[in-house]
Structure formats: C-alpha cells, structure tokens
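Chain by chain, the residues run as shown.
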Amino acid sequence: MHQPSKWWPGLIAIAVLWLVAIAFKTAGVEDEIAPRARAAVASAAPDTVAALKVSVAGRDVRIEGPEFSPEQADRLDDAAAVNGVRLVVGNYDKLPTPKPYAFRAARDGNQLVLEGGVPTPAVREALIKTARAALGSGAVVDHLGYALGAPADFAAIASHGLTQAGKLNGGTFALADKAYSIAGAATSSDIYEAAVAAMRQLPGGAVLDKVSILPPEAKPFIWSAVREGQSVVMSGVVPNDAIRRALEAAAAKAWPGASVMHHMQIARGAPSGDFSAYTTYALAELSRLSTGRVVISDANYTIAGEVPSPAAYDEAMAGVAKLPSGLTLAKADIVPPEIKPYRLSAEFGPTGLTLTGLAPSTSVRDAITAAANGQFAGRTVTTKIGIARGAPEGDIAKASVSLLTELGKLAQGRAEINDAQISLSGVGLANVTGAAVRQSLAGALAAPFAVAAVDVRDGPVSPYAFELQKQDGRVRLSGYVPDDAARRDLVEAASAAFVTDTVEDGLKTADGAPKAFVTSLKATFPALARLWSTKLAAKDADITIEGEAIYDKSAEQGRKELTDAAGGDVKLADVRIGLKPESPPLPTEACQPAFNGLLAKGRIRFDTGSAELSRESLALLDHIVVVAQRCKDAEIVIEGHTDNVGDEEDNMDLSKRRAVAVVGYIGEAGIDTSRMTSAGYGQTRPIASNDTAEGRAQNRRIEFVVK
C-alpha cells in the first residue's frame, strides 16, 4: 500500500499551500496592528514621534530612534502595546547633553543655515518654519541635531532670534543657553528699527549678550530740518538713536510750545567728523529763522529762509561764518525781514557819529560805514545798521553818502532817510549856512530821493565881524550878532546913545561871537556918540576905532572911555581919534532952528535933584557945542525949567543952577561964552501938564534962545 514515490509530491504541495496560508495570515495581522501602534506612539509622544521609527513584525512592535527623555521607553512601550501586540521592543539612541546648549543661524545670501541642537522634532519643525518665514524667498538649510538640556522657552527664544536674523544681510543669531547674540546689516530703516526694538523685548528670560545690528547705508547721507511758523519737522538720517533723541530734545527746548515732529531714520554712511555737532549747530541756526530750512548732505551744509528781525539777520550771517570743523558751506540763502517805513539815520555830536536804521544788504551797509569813516575821520563812528528788505527804489547807498557829506558840514546834527524822504537838522560849522546845505543836498540827490526838510542853523561866522559907521547924521550897524535878542539890544542901545543920529539896522544873526561881544560893543556907544564921525570895526575879539572928535577935551575923554569899555574876550586893538575940521559959521537966523532941531532929538538930562549933567547927555551937548561954535555972532540965552514936583523956590534955584551948568560945559569945550547968559524959571513956564509923568518930563528941560 505504501508507495512513497507516489505521495511525496503531494506532501510537498500541501506544505507549500500551508506556508502560503501562514504568510497571508501574518501580513494581515501586521497591517492591522501597525497603524494602531504608530497612532498610539504619536499620541504618547507628539513632539518627538517624527524622529521615531515604529515597525511591526507579526505581533511584535519595534520602536527605534533618539531617546528624548529617561521615561520615554516605558511610556512608549505602554503606549505601543495595543490589542493584538505580543511584544514591544524599544531600541533608543542616547542623545548628548551639551553645555552650554547651543543654537546658531547664519544667513548666507539667499540661504539660512541652521546649526546646533534642538530638543524635539516639533521644535525643529517650528524653527524651520520660522526661518522660512523670516527669509522669504530662499532656502533653509537644516544642519540641526537633537540634544538634551535645552533651556526653558528655548523654542520661543530661538524663534525670536531667527525672525530678526533672517531679515538682516549677513545676519547671524546664536544662543548659548539663554545668552542671546545677533549680528547683521538691516536692508532698511524700518527693519533696523524693528530689530533694535525687538532686542528690548526678548522672550523667555533670554539675556542679551552680543548685538551688532548695523543700520542700512545711506548715500548721500542727508539730514534736514524745516521750520514753518509753529511747526518744526526733522527728516533724513542720523547715525544713531542717541543723536536722534538729542535733536528731539534740542528742538523741543528751542521751540517751546511748537509742534516738533521728526521723520529721522538711522543709517550708516555719516560723514567723518562730529555729526552730532553738525546737526546741533544746524538746529541752533534754524532757530534764528522765522521760516526756513537747514540741510546737511554728507559734509555739506545749506541754510535758507527768512529771519524775523535785522538783528537776527546779522546773527544768522555770523553763524554761517562759524561752521563746526569738518562741515563745508554749500549755500546760504538767508532773507532779511521786510520793514516799512524804511529808515536810516545818522546822529553826529560830541561823542562821534552813530548810524542806525536799515540797509538792504551788507555791501550797502559797508559802503555807508566806509563813507562815514572817511567823512568823519578821527571821530568815533558807531554802526547800528540792520539789514532788511523794503528799501525804496534807487541807489540808497549813494543817497546816504550824499547825506553824510552834508552832515559833515555841521558841528552837530541829525540826518535821516525815511523811505525816499530826506531830512537834515543841526548847526553848521563855521561859515556854513542852512541855505547852502539845502541847495547842495537837493542837487546831489537822484530820484526817487527828495529833500523833505532841512532845519540847519547857520554855523558860526569866522571871522566874526561887526561894523558901526557914523556919518552925516546916520549911524549904520552891520555885520553879525549872536541872535535876535542881541540885535534888538544893540539897536536900542545905539538909538539911546546916538540921539542926534538916525540908526539903521543892517545886522544878521550868526553864532561864533566872542565872549561879552554885545556888552563890549554897547559900552563903546556913549563915547562914539560924542564923535562927529566914527567907524568901529570888530573882527572876532579885536576892535578898531577911528573917528573925529568935536573938540580936544572930548577926544581925550573918548579915548579913555573906549579903553575902559572893552571886556570879556574883546579887546581894543587900535583907537585913532582926531579932531574934525571947524564947520563954517551959521547966519544968526539959522541958529535957533539948529538948536531946536538938536533938542527935538533928545533932552539934556541931569542927575535927579541935581545940576550934575548925566553921562547920556554928553553926546547931545557936544553936538550943541558945534552949533554954538558956528553961531559966533548970536546972543544966546540958556534957560532952565522944572516940573512942579517939590518946593517952588527949590525948583527955581535948581533950574538956574542947571542952566549955569550947561553954560559951563560949553565953555569947557573952548567956546566963548561971553555972549551967552543963563536964566532959571523953575516951574513957572510949563509946556505940558504936570498931571502926568510924560508932561512933567517935558517940563524938565533946557532951552536955547537966540536973540
């Protein structure tokens, strides 16, 4: 029955079928267990599952990969032992625990290379995602490895650093435990500002270690500030935040209450030198302007705008000349203020010349100052001229020079240009008249400038001349006196002294008279009035007199009186008095009219209650002597009369004595008085009422009666 050769093939076929059946059954078990085992592991270790390999052989589960924690094996063994699993085998690699825990990211062109350790795959994936977001376009190169010992909040700190470094050219970020270091160059001011701000808010207790974030480079390096009314705006770039803050503080201090804004960004490329000093200087100069702009472009400085006052213009222009070392002036376009009315004045006095007011430019001001120094050489010239717009049309410099020329002719004075109207006042120098100054000034001015007023008092005359000429019954006064009061004084004194003559006034007023000039002249009048003819010439303080006396004694008396008359600075340089030629005789019938004519011009006066002849009557008496001398054949009675004041007998006696005194005076003049008699009538023959002072004065008289 046994035929092995026949049934062996059947056994082989059965074995094959059994093995196939076994294989199909095992594959089905693994396919059913593997997903459940992997899901359980993922649930138990979600942060690390990406680094673990879970495999199933039959009903056995094998887990391989890094060991992220000491309890990982037990936890994962329990998790992987799902229903149907016979055995869980864990095969884990020990991870390093570096000290310090290092992480580094470096940007190289369009690549961001990550190196160092990460604690879990989840952290690794999150950091790669952050790197890609920070990089934008480009590739993230992952050279990371797993390591134990990561500091708390490692992921947050590393993500923060990656975000900032990824935005920087050549950016690098390094973390050593919690020591945070970053470097790189920002491509824009916004990125720089954001990166710097981010350094002030590190997460997870990270400590800033080394920071080298460079701002973007600016070429040209431009900073500017603009002022318009109560608004100040600063723009452009500065090398660092300290300078920016300092400028903000300086602007707020310079313009309290104003709106101060800034759009300043930080950049590299500042010019060599002290950029802080440059901008501080520029901001201070801007504060002098009411509106304007200052710009620093690299090391070149520009200022433009309008100042609020002439003083501010000079300050601004002076500031332009005081640039900080290293800063070069590119342009200064500073506009002075416009002022109306437009005035320029010059005041000249004992302390010198002072120029005040306005000029349209520094060159015009310099021209006016130079002209003043030339015109008033040796005198102190003080210039207080400001620069302003608004000058009248025409050449104001030329008009000013013409005005200064005329002012130079004055001993003191003031000149002014008010828009196009010219005024001048003061006192002329010697021999300078106001009329001449006006004429000269009017001729020198070109349109639109015109003379508005010239109030110049004539200057002192040199030499200071005065002349008195007495001839043929006329006394002419000519030359100069100090003022109208002196003129009236001299004319009145001459009229009182020269009673027999008509006084003619040909005087002018002028400064320059010597001391006591008028007083000295008046003192000579009584003596000159006694002369038949005379000429007095005064030249400054020297007086010369020549004349003809009526008789010898009067000549002697006149010389003495004239010598005593000089006073003050005035002196008699020369006195020459001779005798007049004897006049021809008068017919007897002409004598009475001659006496009456003289007595009509003046009265013979005596000291009160006395028979003493007054000095003021001597000139009249001397001219009566001439008539008496010429009436050689006439019998003459000299009568004395009084008013009714006092005792009648006393008045009678007084009138007789006064008549005798007159006869005696004529006799002393060398006249034969044998044909003369005297008589006194007291108050018995009045010619006017004694009830008035005027009437009584007429009654007190001496009369000459020719028989």
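All values reported here derive from a predicted model rather than from experimental measurement.

A.B. asks: Break down the overall build of the protein for me, with residues and values.
C.D. replies: Each helix and strand in the protein was counted, giving 18 helices and 30 strands. Rg of the C-alpha trace for the protein: 64 Å, well past the compact-globule value of 27 Å for 707 residues, more than 25% over. The dimensions of the protein, computed from C-alpha atoms along their principal axes, are 240 × 50 × 40 Å. When the 707 residues of the protein are sorted by exposure, 42% land in the buried category. Looking at the protein alone, contacts between residues at least 24 apart form 69% of all its contacts between residues at least 6 apart.

A.B. asks: Before we move on, could you go through the packing of aromatic side chains and cite the residues and values that matter?
C.D. replies: What the rule picks out here adds up to 14 aromatic pairs. Centre to centre, the rings of Phe 595 and Phe 704 are 4.8 Å apart; their planes meet at 10°, and the pair counts as stacked. In this pair, Phe 595 is assigned in helix α15 (residues 588-601) and Phe 704 in strand β30 (residues 701-706), connecting sequence segments 109 residues apart. Exposure class is identical for Phe 595 and Phe 704. Each is buried. Ring pairing ties together the aromatic residues Tyr 101, Phe 103, Phe 154, Phe 173 and Tyr 180, which thus form one cluster. In this arrangement the basic side chain of Arg 124 is found over the ring face of Tyr 146, its NZ or CZ atom lying 4.9 Å from the centre. In this structure, Lys 580 packs its charged tip against the face of Trp 532, placed 4.8 Å from the ring centre.

A.B. asks: Which residues make up helix α3 (residues 121-135), and what values go with them?
C.D. replies: Taking 1.5 Å per residue as the helical rise, α3 with its 15 residues ought to reach 21 Å, and the 21 Å between its terminal C-alpha atoms agrees with that figure. Just past α3, the residue Gly 136 takes up positive phi, approximately 75°.

A.B. asks: Residues and numbers for the sheet that holds strand β14 (residues 300-306), please.
C.D. replies: Note: strands within a sheet are paired through backbone hydrogen bonds, in either parallel or antiparallel orientation. With mixed pairing, six strands are arranged side by side in an open sheet as β12-β11-β10-β13-β14-β15. Looking along the sheet, the strands with just one partner apiece sit at the ends: β12 (259-266) and β15 (328-335). On average, adjacent strands in this sheet sit at an angle of 5° to one another, irrespective of strand direction. On top of the sheet, helix α8 (residues 310-320) reaches β14 and β15; it is set at about 170° to β15, its chief contact.

A.B. asks: Describe the environment of Leu 87, and please don't skip the residues or the numbers.
C.D. replies: Relative to the assigned elements, Leu 87 resides in strand β3 (residues 87-94). On the basis of relative accessibility, which here comes to 43%, the residue Leu 87 falls in the partly exposed class. Placed 389 residues apart in sequence, Leu 87 and Arg 476 show a C-alpha to C-alpha distance of 162 Å. Setting aside its immediate chain neighbours within four residues, Leu 87 contacts Arg 59, Asp 60 and Val 61.

A.B. asks: Go over the nonpolar core with me, naming the residues and quoting the values.
C.D. replies: Phe 103, Leu 114, Trp 223, Leu 353 and Leu 407 are the most contacted members of the largest nonpolar core, which has 104 residues in total. In terms of nonpolar packing, the next biggest core, distinct from the first, is built from 34 residues, Ala 527, Leu 528, Leu 531 and Ile 543 among them.

A.B. asks: Requested: an account of the packing of helix α9 (residues 362-375) against helix α10 (residues 396-407), with residues and values cited.
C.D. replies: Contact pair α9 / α10: the axes reach a minimum separation of 10 Å and the direction vectors enclose 15°. Relative to α10, α9 is oriented roughly parallel. Remark: the crossing between α9 and α10 carries right-handed chirality. Of the residues in α10, those touching α9 at Val 364, Ile 368, Ala 371, Ala 372 and Gln 375 are Ile 396, Ala 397, Ser 400, Val 401, Leu 404 and Thr 405. Tallied by class, the residues present in the contact of α9 with α10 amount to eight nonpolar, three polar and no charged.

A.B. asks: Before we move on, could you go through the environment of Glu 71 and cite the residues and values that matter?
C.D. replies: Here Glu 71 lies in the loop between β2 (60-67) and α2 (72-80). A polar side-chain atom of Glu 71 sits 3.2 Å from a polar atom in the side chain of Ser 69.

A.B. asks: Run through the pairing of β14, naming residues and quoting values.
C.D. replies: Here β14 shows one buried face, formed by Tyr 301, Ile 303 and Gly 305, and one open face, formed by Asn 300, Thr 302, Ala 304 and Glu 306. Relative to β14, strand β13 (residues 291-297) runs antiparallel, the two sharing seven bridges. Residue Val 294 lies in a different strand from β14, and its bridge partner there is Ile 303. What sits between the antiparallel neighbours β13 and β14 is a turn of two residues, in which Asp 298 has the positive phi angle 55°. Handedness of the crossover joining β14 and β15 through α8: right-handed.

A.B. asks: Break down the state of the cysteines for me, with residues and values.
C.D. replies: On inspection of all chains with the given rule, the structure shows one disulfide. Here Cys 591 pairs with Cys 631 through a disulfide, and the sulfurs are 1.9 Å apart. In this structure, the disulfide formed by Cys 591 and Cys 631 twists by about -115° around the S-S bond and is classed as left-handed. On the criterion of sequence distance, the pair formed by Cys 591 in helix α15 and Cys 631 in the loop between α16 (618-630) and β28 (636-641) is long-range, its members being 40 residues apart. Taking relative accessible area as the criterion, Cys 631 reaches 0% and is therefore assigned buried.

A.B. asks: Residue-level account of the pairing of strand β4 (residues 102-108), with values.
C.D. replies: Alignment of β4 against strand β7 (residues 168-176), held across five bridges, turns out to be antiparallel. Residue pairing for β7: Phe 103 is matched across the bridge by Leu 175. Two elements, β4 and strand β5 (residues 111-118), share six bridges in a ladder whose sense is antiparallel. Across the sheet, residue Arg 107 finds its bridge partner in β5, namely Leu 112. The hairpin turn running from β4 into β5, its antiparallel successor, is two residues long, and Gly 109 in that turn takes a positive phi close to 65°.

A.B. asks: Summarise the confidence of the model for the protein; cite the residues concerned and give the values.
C.D. replies: For the protein, per-residue confidence averages 93 on the pLDDT scale, and residues scoring 70 or more make up 96% of the total. Taken element by element, the predicted model of the protein shows its lowest mean pLDDT in helix α1 (residues 4-44) (68) and its highest in β14 (98). When the criterion is pLDDT under 50, residues 16-25 qualifies, and its contacts beyond four places in sequence or with other chains add up to zero contacts.

A.B. asks: Go over the sheet that holds β3 with me, naming the residues and quoting the values.
C.D. replies: Strand order in this open sheet of three strands is β1-β2-β3, and the pairing throughout is mixed. Only two strands of the sheet have a single partner each, and these edge strands are β1 (53-57) and β3. Recorded for the sheet is a direction-independent mean angle of 15° between the axes of neighbouring strands. Relative to β3, β2 runs parallel, the two sharing eight bridges. Paired with Glu 64 across the bridge in β3 is Asn 91. Contacts between α2 and the sheet are confined to β2 and β3, with β3 contributing the most and set at about 150° to the helix.

Criteria and thresholds
- Residues numbered from 1 in each chain as written.
- Predicted model: local features only at pLDDT ≥ 70, side-chain atom pairs only at ≥ 80, totals over all residues.
- Heavy atoms only, no water.
- Helix = DSSP H or I, 4+ residues; strand = E, 2+ residues; numbered from the N terminus.
- Rg over C-alpha atoms; globule rule 2.2 N^0.38 Å.
- Buried < 20%, exposed > 50% of the residue type's maximum accessible area, 1.4 Å probe, protein only.
- Contact = heavy atoms within 4.5 Å.
- Phe/Tyr/Trp six-rings, centres within 6.5 Å; stacked < 30°, edge-to-face > 60°.
- Lys NZ or Arg CZ within 6 Å of the ring centre and 35° of its normal.
- Expected span 1.5 Å × (residues − 1).
- Pairing = 2+ DSSP bridges.
- Axes fitted to C-alpha atoms, helices over the stretch in contact; angles between N-to-C directions.
- Core = buried A, V, L, I, M, F, W, Y, C linked by side-chain atoms within 4.5 Å.
- Parallel < 35°, antiparallel > 145°, perpendicular 65-115°, else oblique.
- Left-handed = near helix turned anticlockwise from the far one by under 90°.
- Nonpolar A, V, L, I, M, F, W, Y, C, P; charged D, E, K, R; others polar.
- Polar contact = N/O pair within 3.5 Å; in protein donor to acceptor, adjacent residues only side chain to side chain.
- Right-handed = clockwise from strand over helix to strand, strands pointing away.
- Disulfide = S-S within 2.5 Å.
- pLDDT = per-residue confidence, 0-100.

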